[in-house]
Amino acid sequence: MNLRFSSDDIKAEAKRLGFFACGIARADRVDEAYANKFRQCMERHDFADMHYMYEHVEKRLDPRLLMPGVKSIVCVALNYTPAVPLSAESYQIAAYALGQDYHDVMKRKLWQLAANLGISEGFRCFVDTAPVLERYWAQQAGIGWIGRSQQLIIPGGGSMFFLGELFLDIGLTYDTPMPNRCGNCRRCIAACPTQALTLEGEQGSRLDANRCLSYQTIENRGALTEEAKAAMGNCIYGCDRCQQACPWNQKAVANSHPELQPSPLLLQMRREDWTQLTEETYRKLFKGSAVKRAKYSGLMRNIHAVEENTPQKS
């Protein structure tokens, strides 16, 4: 590929397309400390039954095996901080799933980024569906750091971001990895209702997906644990409590992307509507939505669990 653009050109075009942040890292093997932590998570079964996390390990640890010839990893972040919350009279859904499926939204924007730069070969786009350690590479690209919540935290933006990567077979100017800035803060750990997050090391943490409400209510295909049922509150899909507790999210600016806004139908939903949700209405509500990940049966399982824990009005 003939280089007709610079790193600054890439970042300027990414910003024009609506990405909140963009950074570039050199494609290389993941550093040994992070690789060891990933292997430890596998050994402890911290990824629960998300089988894909235990596959293609070497490709996760070395992106050059995923795309031969890759030299640069362009990392982008798209803000999904809610602009319009669901009604307090409704059951709640994790913020990332309020709009259209982020996989589709991000992929379209990444392909557009490549096209606008004149890139037609020697590249690949990834959004959460390939063995790529997205948060690690975003930190290496200087976008933010991996906080104790295990989310990427971006200064001035917080942690509610979708991440994506553009792999390129050309060398560029690379950014400096961002150091951890969580300091002594433990708010995300204190806010976790099932103690899925625990301290590990001076600046680190462990996330046990087996106990995490996001795993339990989305990825888990079996019955909810009693611990999960008791901790769900009024949220029927996912959990944002570690992010809501993070000080870096207190001044986050709401996203303005039309495709990430909740639909009028979703905004009209009340608790009694959820209770009586039919499969037909479910399909209308979540057409092109990430909520379909849990399937109708999974969502109804979650709704029934929340109902059981909701005091009945006399």
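See above for the structure.
Just so it is clear, the model here is predicted, and its values are computed rather than measured. (Residues numbered from 1 in each chain as written. Predicted model: local features only at pLDDT ≥ 70, side-chain atom pairs only at ≥ 80, totals over all residues. Heavy atoms only, no water.)

(A) Fine view of the side chain of H257. With respect to the helices and strands, the residue H257 is situated in the loop between α10 (241-245) and α11 (264-268). Residue classification places H257 among the buried residues on the basis of a relative accessible area of 11%. Residues within four places of H257 in sequence aside, it is in contact with G18, L78 and N79. (Helix = DSSP H or I, 4+ residues; strand = E, 2+ residues; numbered from the N terminus. Buried < 20%, exposed > 50% of the residue type's maximum accessible area, 1.4 Å probe, protein only. Contact = heavy atoms within 4.5 Å.)

(B) A look at helix α5 (residues 102-116). Taking 1.5 Å per residue as the helical rise, α5 with its 15 residues ought to reach 21 Å, and the 21 Å between its terminal C-alpha atoms agrees with that figure. Every buried residue belonging to α5 is among Y102, V105, M106, K109, L110, L113 and A114, and all of these are buried. Each buried residue of α5 lies within a common arc of 165 degrees when the element is viewed along its axis, so the set occupies one face. Tucked inside the fold, the buried residues of α5 contact α1 (7-16), β2 (72-79), β4 (123-126) and β7 (161-168). Just downstream of α5, G118 is the residue with a positive phi angle, here 80 degrees. (Expected span 1.5 Å × (residues − 1). Arc of directions from axis to C-beta.)

(C) Looking closely at the pairing of strand β8 (residues 197-200). Of the pairings in the sheet, the one linking β8 to strand β9 (residues 204-207) comprises 4 bridges and is antiparallel in character. Paired with L197 across the bridge in β9 is L207. The loop that links β8 with its antiparallel partner β9 comprises 3 residues; one of these, G201, has a positive phi angle of about 80 degrees. (Pairing = 2+ DSSP bridges.)

(D) Summary view of the sheet that holds strand β1 (residues 21-26). Reading across the sheet, the 4 strands line up as β1-β2-β7-β4 and stay open at both edges, with antiparallel pairing between neighbours. Two strands close off the open sheet at either side, each with one partner strand: β1 and β4. Neighbouring strand axes in the sheet, compared pairwise and without regard to direction, differ in orientation by 20 degrees on average. Note that β4 and β7 share 4 bridges and pair antiparallel. Within the sheet, the bridge partner assigned to F126 lies in β7 and is E165. α1 rests against β1, β2 and β7 of the sheet, and its axis sits at about 150 degrees to β1. Taken strand by strand, α5 contacts β2, β4 and β7, and its axis lies near 40 degrees from that of β7. (Axes fitted to C-alpha atoms, helices over the stretch in contact; angles between N-to-C directions.)

(E) Representation of the pattern of salt bridges within the structure. Overall, the coordinates contain 13 salt bridges when judged by the stated rule. We note a salt bridge from D175 to K11, for which the minimum N-O separation is 2.7 Å. With a gap of 164 residues between them, D175 in the loop between β7 and α7 (187-191) and K11 in helix α1 connect regions that are remote in the sequence. On the basis of relative accessible area, D175 is assigned to the partly exposed category, the value being 25%. E58 is the salt-bridge partner of R29, the closest N and O atoms lying 3.3 Å from each other. Linking R29 in the loop between β1 and α2 (32-43) with E58 in helix α3 (residues 57-61), this pair joins segments that are 29 residues apart in sequence. On the accessibility criterion, E58 (42% relative accessible area) is partly exposed. (Salt bridge = Lys/Arg side-chain N within 4 Å of Asp/Glu carboxyl O.)

(F) Examining α2 more closely. For α2, built from 12 residues, the straight-helix expectation of 16 Å at 1.5 Å per residue is met to within 8% by its first-to-last C-alpha distance of 16 Å. When α2 is considered as a whole, its buried residues turn out to be A35, F38 and C41. Down the axis of α2, the smallest arc covering the buried residues is 120 degrees, so these residues share one side. Facing away from the buried side of α2 by over 90 degrees, the exposed positions are A33 and E43. Packed against the buried residues of α2 are α3. Among the residues of α2, the N-terminal cap falls to D31, whose side-chain oxygen and the backbone nitrogen of A33 are separated by 3.2 Å. Where α2 terminates, the next one or two residues include H45, which has phi positive at roughly 65 degrees. (Polar contact = N/O pair within 3.5 Å; in protein donor to acceptor, adjacent residues only side chain to side chain.)

(G) Structural view of the state of the cysteines. Within this structure, the stated rule accounts for 0 disulfides. Free cysteine: C41, not disulfide-bonded; nearest cysteine sulfur from C212 at 13 Å. Not engaged in a disulfide, the cysteine C182 finds its nearest cysteine sulfur in C188; these two sulfurs lie 6.6 Å apart. (Disulfide = S-S within 2.5 Å.)

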